[in-house]
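# Notes for the structure review
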Amino acid sequence: MESVAYTQYVHALKSPKTKEVYTHFLIEFLKHCKLDADQLVELEPKKIQGMIINWIIDMKERQKLAPNSLHSKLTAVKTFLEINDIIGINWPKVKRYLGEFYKVSEDRPYTHTEIKQLVDRAHNIRDKAIILLLSSSGMRRGAIPSIKLKHLKKIDKYNIFSIDVY
């Protein structure tokens, strides 16, 4: 995307992962509005506010997204607008459309029995290693694809490896 507003936005984000996720959410919003980044920043703040509210309502009704997911997407758009000096949006009002936060799943660690069942059912050694890595480290599954050999650091004293993960 070649745009002054978009370029400022991307360069203001520090983390590569944040850039990737926020960019995806911003593009999703721009497609919903049928605008590009420079067109969006030229609109009146109240018009933008209405577009954001409509986007939230659409995601709640059509995609059935939870408030936590909506909040993440909204944060990306809010950051874009703040970086491009768009003021005058009533963010407390916009956030009212997100709905009440609730837990989507039960947060608890897997038991040893559950981990053993997963390992026993794994089809190959690679899958077994991934299951054991995730269950013993607390690493998120999204970190697995980006792990490279250079991220492994041997700790000779204990004859083990540490893994640098985003």
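Whatever comes next refers back to the structure up there.
Residues numbered from 1 in each chain as written. Predicted model: local features only at pLDDT ≥ 70, side-chain atom pairs only at ≥ 80, totals over all residues. Heavy atoms only, no water.

Attention now goes to the overall build of the chain. A count of helical and extended segments in the chain gives eight helices and two strands. N-terminal to C-terminal, the α/β element order of the chain is α-α-α-α-α-α-α-α-β-β. In terms of C-alpha radius of gyration, the chain reaches 21 Å, well past the compact-globule figure of 15 Å for 166 residues. Projected onto its principal axes, the C-alpha positions of the chain cover 60 × 35 × 25 Å. Every one of the 166 residues in the chain was classed for burial, and the buried ones make up 30%. Pairs at least 24 residues apart make up 54% of the contacts formed inside the chain by residues separated by at least 6 positions. As displayed, the chain has an accessible area near 11,900 Å², and 55% of this comes from carbon and sulfur atoms. (Helix = DSSP H or I, 4+ residues; strand = E, 2+ residues; numbered from the N terminus. Rg over C-alpha atoms; globule rule 2.2 N^0.38 Å. Buried < 20%, exposed > 50% of the residue type's maximum accessible area, 1.4 Å probe, protein only. Contact = heavy atoms within 4.5 Å. Areas by Shrake-Rupley, 256 points an atom, 1.4 Å probe, with all protein chains shown as cover.)

What follows is about the packing of helix α7 (residues 112-121) against helix α8 (residues 125-137). With their axes 8 Å apart at the nearest point, α7 and α8 run at an angle of 160° to one another. Classed by the angle they form, the pair α7 and α8 counts as roughly antiparallel. The chirality of how α7 crosses α8 is right-handed. Residue-level inspection shows Ile115, Leu118 and Val119 of α7 in contact with α8, the latter providing Lys128, Ile131, Leu132 and Ser135. Of the residues that constitute the contact of α7 with α8, the class distribution is five nonpolar, one polar and one charged. (Axes fitted to C-alpha atoms, helices over the stretch in contact; angles between N-to-C directions. Parallel < 35°, antiparallel > 145°, perpendicular 65-115°, else oblique. Left-handed = near helix turned anticlockwise from the far one by under 90°. Nonpolar A, V, L, I, M, F, W, Y, C, P; charged D, E, K, R; others polar.)

Glancing now at helix α2 (residues 16-33). Compared with the 26 Å implied by 1.5 Å per residue over 18 residues, the 26 Å span of α2 between its first and last C-alpha is a close match. On its buried face, α2 sits against α1 (4-12), α3 (37-41), α4 (45-62) and α5 (67-83). The opening residue of α2 is Ser15, an N-cap whose side-chain oxygen sits 3.2 Å from the backbone nitrogen of Lys17. Two residues or fewer past α2, Lys34 is found with a positive phi of approximately 60°. (Expected span 1.5 Å × (residues − 1). Polar contact = N/O pair within 3.5 Å; in protein donor to acceptor, adjacent residues only side chain to side chain.)

What follows concerns unusual backbone geometry. Phi is positive for Lys64, close to 55°, though the residue is something other than glycine. Within the secondary structure, Lys64 is located in the loop between α4 and α5.

Before going further, it helps to spend a moment on the packing of aromatic side chains. Scanning the model with the defined rule gives three aromatic pairs in all. For the ring pair Tyr9 and Phe80, a centre distance of 5.3 Å and an interplane angle of 80° mean the geometry is edge-to-face. In this pair, Tyr9 sits in helix α1 while Phe80 sits in helix α5, placing the two residues 71 residues apart along the sequence. Residues Tyr9 and Phe80 agree in their burial class; the two are buried. (Phe/Tyr/Trp six-rings, centres within 6.5 Å; stacked < 30°, edge-to-face > 60°.)

Looking now at a nonpolar patch on the surface. Taken together, Leu149, Leu152 and Phe161 make up a surface patch of nonpolar side chains, about 330 Å² in accessible area. Summarising the element assignment, Leu149 is placed in the loop between α8 and β1 (152-155). Overall, Leu149 belongs to the exposed group, its relative accessible area being 72%. (Patch = residues over 30% accessible without salt bridge, like charges linked within 9 Å, V, L, I, M, F, W, Y side chains within 5 Å. Salt bridge = Lys/Arg side-chain N within 4 Å of Asp/Glu carboxyl O.)

Keep in mind that these numbers describe shape and distance, not what the molecule does.
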